[in-house]
Amino acid sequence: MWYVIEGYDGEGVLARRLQARPEHLARLTALRDQGRLLLAGPCPAIDAEDPGPAGFSGSVVIAEFESLEAARAWADADPYVAAGVYARVEVRPFRKVLP
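Residues numbered from 1 in each chain as written. Predicted model: local features only at pLDDT ≥ 70, side-chain atom pairs only at ≥ 80, totals over all residues. Heavy atoms only, no water.

The name given to the protein chain in an unreviewed UniProt entry is YciI family protein, with Lysobacter niastensis as the source organism. What UniProt records for the protein chain under Sequence similarities (unreviewed entry) is the sentence "Belongs to the YciI family." (UniProt positions renumbered as here; feature names shortened; annotations may be inferred.)

Let's talk about the UniProt feature "domain: YCII-related" (unreviewed entry) in the protein chain
Per the UniProt entry, the sites bearing "domain: YCII-related" (unreviewed entry) are residues 1-95 in this numbering. Span residues 1-95 is 35% helix and 36% strand, its end C-alpha atoms 8 Å apart. (Helix = DSSP H or I, 4+ residues; strand = E, 2+ residues; numbered from the N terminus.)

Examining the pairing of strand E1 (residues 2-9)
For a regular strand, side chains alternate in direction, first toward one face of the sheet and then toward the other. Burial analysis of E1 places six of its eight residues in the buried class, which makes it a mostly covered element. As paired elements, E1 and strand E3 (residues 56-64) share seven bridges and run antiparallel to each other. By the bridge assignment, Tyr-3 is partnered in E3 with Ala-63. Sheet analysis places E1 next to strand E4 (residues 86-94), joined by eight bridges and oriented antiparallel. (Buried < 20%, exposed > 50% of the residue type's maximum accessible area, 1.4 Å probe, protein only. Pairing = 2+ DSSP bridges.)

Focus: the pairing of E3
Sheet analysis places strand E2 (residues 37-44) next to E3, joined by seven bridges and oriented antiparallel. Note on E3: the bridge partner recorded for Leu-39 is Ile-62.

Let's talk about the layout of surface pockets
As a volume, the largest pocket reaches approximately 250 Å³. Lining the largest pocket are 16 residues, with Arg-21, His-24, Leu-25, Gly-41 and Pro-42 sitting closest to its centre. Going through the elements one at a time, helix H1 (14-33), E2 and E3 are the ones with two or more residues in the lining of the largest pocket. Of all the elements, H1 adds the most residues to the lining of the largest pocket, at seven residues. Its residues assigned to classes, the lining of the largest pocket comprises 10 nonpolar, four polar and two charged. (1 Å grid on protein atoms, 1.4 Å probe; cavity = no way out; pocket = protein on both sides within 12 Å on 5 of 7 lines; lining within 4 Å. Points joined across faces, edges and corners; volume = space filled by probe spheres on them. Nonpolar A, V, L, I, M, F, W, Y, C, P; charged D, E, K, R; others polar.)

This is the structure in structure tokens:
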């Protein structure tokens, strides 16, 4: 089943986000290579493709896991969690309808 994982950035964490990004992207690349990633990306903190020093308000990942518990475990092991980028993470089932 698909699950949406939403990570919400804390205040002033842009430097930590940038430092942990390569490891974060490696995990997403592994999901993609396994055919389990629907989409992933950051949410700019301002209305701009590149928010610069304003940074990001969080990230969204929609990926396939065997269970909600497996999705939560994957989210809990994210380098952004370990680096203190995310103030909180929500994981919920997702049903793809379109396209």
